Amino acid sequence: MAITLDIQLPHYPRGFHLVTRDIISHLPELPESGLLVVFIKHTSAGITINENADPDVRYDFQTFFNKLVPDGAPYFVHTLEGPDDMSAHIKASLIGSSVTIPIKNHKLNLGTWQGIYLCEFRDGGDSRKLSITIL
(Lines give C-alpha, C1' and ligand atoms only; values in the text may rest on other atoms or scores of the structure.)
Protein backbone atom coordinates (compact mmCIF):
# COMPACT_ATOMS: atom_id res chain seq x y z
CA MET A 1 0.00 0.00 0.00
CA ALA A 2 1.37 3.43 -0.96
CA ILE A 3 1.81 6.18 1.59
CA THR A 4 1.87 9.82 0.48
CA LEU A 5 2.79 12.77 2.65
CA ASP A 6 3.44 16.42 1.98
CA ILE A 7 6.33 18.24 3.60
CA GLN A 8 7.49 21.82 3.46
CA LEU A 9 11.15 22.72 3.19
CA PRO A 10 12.34 25.97 4.72
CA HIS A 11 13.26 28.89 2.46
CA TYR A 12 16.59 28.37 0.72
CA PRO A 13 18.32 31.09 -1.31
CA ARG A 14 18.95 30.63 -5.01
CA GLY A 15 21.27 27.70 -5.53
CA PHE A 16 21.59 23.95 -5.23
CA HIS A 17 21.00 22.68 -1.69
CA LEU A 18 21.36 19.22 -0.16
CA VAL A 19 18.01 18.36 1.42
CA THR A 20 18.43 14.61 1.94
CA ARG A 21 18.39 14.95 5.74
CA ASP A 22 15.42 17.35 5.62
CA ILE A 23 13.45 14.75 3.68
CA ILE A 24 14.54 11.74 5.75
CA SER A 25 13.58 13.55 8.96
CA HIS A 26 9.94 13.65 7.82
CA LEU A 27 9.69 10.02 6.74
CA PRO A 28 8.00 7.26 8.71
CA GLU A 29 9.82 3.94 9.07
CA LEU A 30 10.57 2.76 5.56
CA PRO A 31 9.63 -0.73 4.35
CA GLU A 32 12.23 -3.45 3.81
CA SER A 33 12.18 -2.65 0.10
CA GLY A 34 10.28 -0.38 -2.24
CA LEU A 35 10.55 3.02 -3.85
CA LEU A 36 10.49 6.58 -2.59
CA VAL A 37 9.22 9.21 -5.01
CA VAL A 38 9.93 12.86 -4.24
CA PHE A 39 7.94 15.40 -6.26
CA ILE A 40 8.37 19.18 -5.96
CA LYS A 41 5.10 21.11 -6.24
CA HIS A 42 6.56 24.20 -7.93
CA THR A 43 7.39 25.37 -11.44
CA SER A 44 10.41 27.53 -10.60
CA ALA A 45 12.44 25.03 -8.56
CA GLY A 46 13.58 21.49 -9.28
CA ILE A 47 14.71 18.33 -7.54
CA THR A 48 17.59 16.08 -8.55
CA ILE A 49 20.22 13.70 -7.20
CA ASN A 50 23.94 14.38 -7.42
CA GLU A 51 27.24 14.75 -5.53
CA ASN A 52 26.78 15.13 -1.78
CA ALA A 53 30.37 15.67 -0.61
CA ASP A 54 32.07 18.58 -2.36
CA PRO A 55 30.13 21.90 -2.21
CA ASP A 56 32.04 23.07 -5.30
CA VAL A 57 29.78 20.78 -7.35
CA ARG A 58 26.69 22.69 -6.21
CA TYR A 59 28.43 26.01 -6.94
CA ASP A 60 29.40 24.80 -10.42
CA PHE A 61 25.82 23.66 -11.09
CA GLN A 62 24.54 27.12 -10.23
CA THR A 63 27.18 28.85 -12.34
CA PHE A 64 26.44 26.62 -15.33
CA PHE A 65 22.65 26.99 -15.18
CA ASN A 66 22.86 30.77 -14.72
CA LYS A 67 25.00 31.01 -17.87
CA LEU A 68 22.88 28.52 -19.80
CA VAL A 69 19.60 30.32 -19.06
CA PRO A 70 20.31 33.92 -18.02
CA ASP A 71 17.80 35.97 -16.05
CA GLY A 72 16.05 38.75 -17.93
CA ALA A 73 16.98 37.56 -21.41
CA PRO A 74 15.47 40.04 -23.91
CA TYR A 75 13.67 37.26 -25.79
CA PHE A 76 11.54 36.23 -22.75
CA VAL A 77 7.91 37.35 -22.98
CA HIS A 78 6.76 36.02 -19.57
CA THR A 79 8.19 38.69 -17.25
CA LEU A 80 5.30 39.50 -14.89
CA GLU A 81 7.06 38.10 -11.81
CA GLY A 82 10.48 39.58 -12.46
CA PRO A 83 13.61 38.87 -14.48
CA ASP A 84 14.34 35.55 -12.73
CA ASP A 85 10.89 34.04 -13.31
CA MET A 86 11.00 32.69 -16.87
CA SER A 87 14.61 31.56 -16.51
CA ALA A 88 13.54 29.69 -13.34
CA HIS A 89 10.74 27.91 -15.22
CA ILE A 90 13.14 26.77 -17.95
CA LYS A 91 15.79 25.60 -15.45
CA ALA A 92 13.14 23.70 -13.47
CA SER A 93 12.03 21.90 -16.64
CA LEU A 94 15.62 21.00 -17.48
CA ILE A 95 16.28 19.57 -14.00
CA GLY A 96 12.87 17.99 -13.49
CA SER A 97 10.23 17.85 -10.81
CA SER A 98 10.76 14.40 -9.29
CA VAL A 99 13.25 11.72 -8.33
CA THR A 100 12.70 8.04 -7.56
CA ILE A 101 14.97 6.31 -5.06
CA PRO A 102 15.05 2.58 -4.28
CA ILE A 103 14.50 1.50 -0.68
CA LYS A 104 16.62 -1.38 0.62
CA ASN A 105 16.85 -2.66 4.20
CA HIS A 106 14.53 0.14 5.42
CA LYS A 107 16.86 2.85 4.06
CA LEU A 108 17.19 4.96 0.93
CA ASN A 109 19.52 3.06 -1.39
CA LEU A 110 21.53 6.08 -2.54
CA GLY A 111 25.11 5.73 -3.73
CA THR A 112 27.96 6.70 -1.43
CA TRP A 113 28.32 10.17 -2.93
CA GLN A 114 24.66 10.85 -3.77
CA GLY A 115 22.31 13.32 -2.14
CA ILE A 116 18.98 14.91 -2.98
CA TYR A 117 19.21 18.52 -4.17
CA LEU A 118 16.62 21.23 -3.97
CA CYS A 119 17.42 23.39 -6.99
CA GLU A 120 16.16 26.89 -6.15
CA PHE A 121 16.11 29.09 -9.23
CA ARG A 122 14.44 32.23 -7.84
CA ASP A 123 16.10 35.02 -5.88
CA GLY A 124 12.97 35.45 -3.81
CA GLY A 125 11.86 31.84 -3.73
CA ASP A 126 9.61 30.89 -0.85
CA SER A 127 9.54 27.70 1.19
CA ARG A 128 9.03 24.74 -1.13
CA LYS A 129 6.44 21.97 -0.85
CA LEU A 130 7.29 18.37 -1.63
CA SER A 131 4.96 15.43 -2.08
CA ILE A 132 6.58 12.19 -0.98
CA THR A 133 5.23 8.76 -1.89
CA ILE A 134 6.50 5.50 -0.47
CA LEU A 135 5.68 2.50 -2.65
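Residues numbered from 1 in each chain as written. Predicted model: local features only at pLDDT ≥ 70, side-chain atom pairs only at ≥ 80, totals over all residues. Heavy atoms only, no water.

An unreviewed UniProt entry lists the chain under the name Secondary thiamine-phosphate synthase enzyme, with Bacteroides salyersiae CL02T12C01 given as the organism. In its Sequence similarities (unreviewed entry) section, the UniProt record describing the chain reads: "Belongs to the UPF0047 family." (UniProt positions renumbered as here; feature names shortened; annotations may be inferred.)

With that out of the way, let us pick up the sheet that holds strand S4 (residues 45-51). One open sheet accounts for three strands, arranged S2-S7-S4; its pairing is antiparallel. In the strand order of this sheet, the two ends are held by strand S2 (15-18) and S4, each with one partner. Sheet twist, expressed as the average angle between the axes of neighbouring strands with direction ignored, equals 35°. The pairing of S2 with strand S7 (residues 114-120) spans four bridges and is antiparallel. Within S7, the residue paired with Gly-15 across the bridge is Glu-120. The strands touched by helix H3 (residues 85-95) within the sheet are S2, S4 and S7, with S4 carrying the most contacts at an inclination of about 45°. (Pairing = 2+ DSSP bridges. Helix = DSSP H or I, 4+ residues; strand = E, 2+ residues; numbered from the N terminus. Axes fitted to C-alpha atoms, helices over the stretch in contact; angles between N-to-C directions. Contact = heavy atoms within 4.5 Å.)

Turning next to the pattern of salt bridges. Any two side chains of opposite charge can pair if their charged atoms end up close together. One pass over the structure, following the stated rule, counts nine salt bridges. The closest approach of N and O atoms between Glu-120 and Arg-128, which form a salt bridge, is 2.8 Å. Given the relative accessible area of 6%, Arg-128 is considered buried. A single network of salt bridges, built from pairs that share partners, joins Arg-14, Asp-71, Glu-81, Asp-84, Asp-85, Lys-91, Arg-122 and Asp-123. (Salt bridge = Lys/Arg side-chain N within 4 Å of Asp/Glu carboxyl O. Buried < 20%, exposed > 50% of the residue type's maximum accessible area, 1.4 Å probe, protein only.)

According to the stated counting rule, one finds nine aromatic pairs in the structure shown. Ring plane angle 40° and centroid distance 5.9 Å describe the contact between Phe-16 and Phe-65, whose orientation is recorded as tilted. Residue Phe-16 is located in strand S2, and its partner Phe-65 is located in helix H2 (residues 55-68); the two are separated by 49 residues in the primary sequence. Look at Phe-16 and Phe-121: their rings are 5.8 Å apart centre to centre, the planes differ by 75°, and that puts the pair in the edge-to-face class. With Phe-16 in strand S2 and Phe-121 in the loop between S7 and strand S8 (128-134), the pair connects residues that are 105 residues apart, well separated along the chain. (Phe/Tyr/Trp six-rings, centres within 6.5 Å; stacked < 30°, edge-to-face > 60°.)

Moving on: the side chain of Ser-127. With respect to the helices, strands and loops of the structure, Ser-127 is situated in the loop between S7 and S8. Polar contacts involving the side chain of Ser-127 include one to the side chain of Gln-8, which spans 2.5 Å. In this structure Ser-127 touches Gln-8, Leu-9, Pro-10, His-11 and His-42, once residues within four positions along its chain are discounted. (Polar contact = N/O pair within 3.5 Å; in protein donor to acceptor, adjacent residues only side chain to side chain.)

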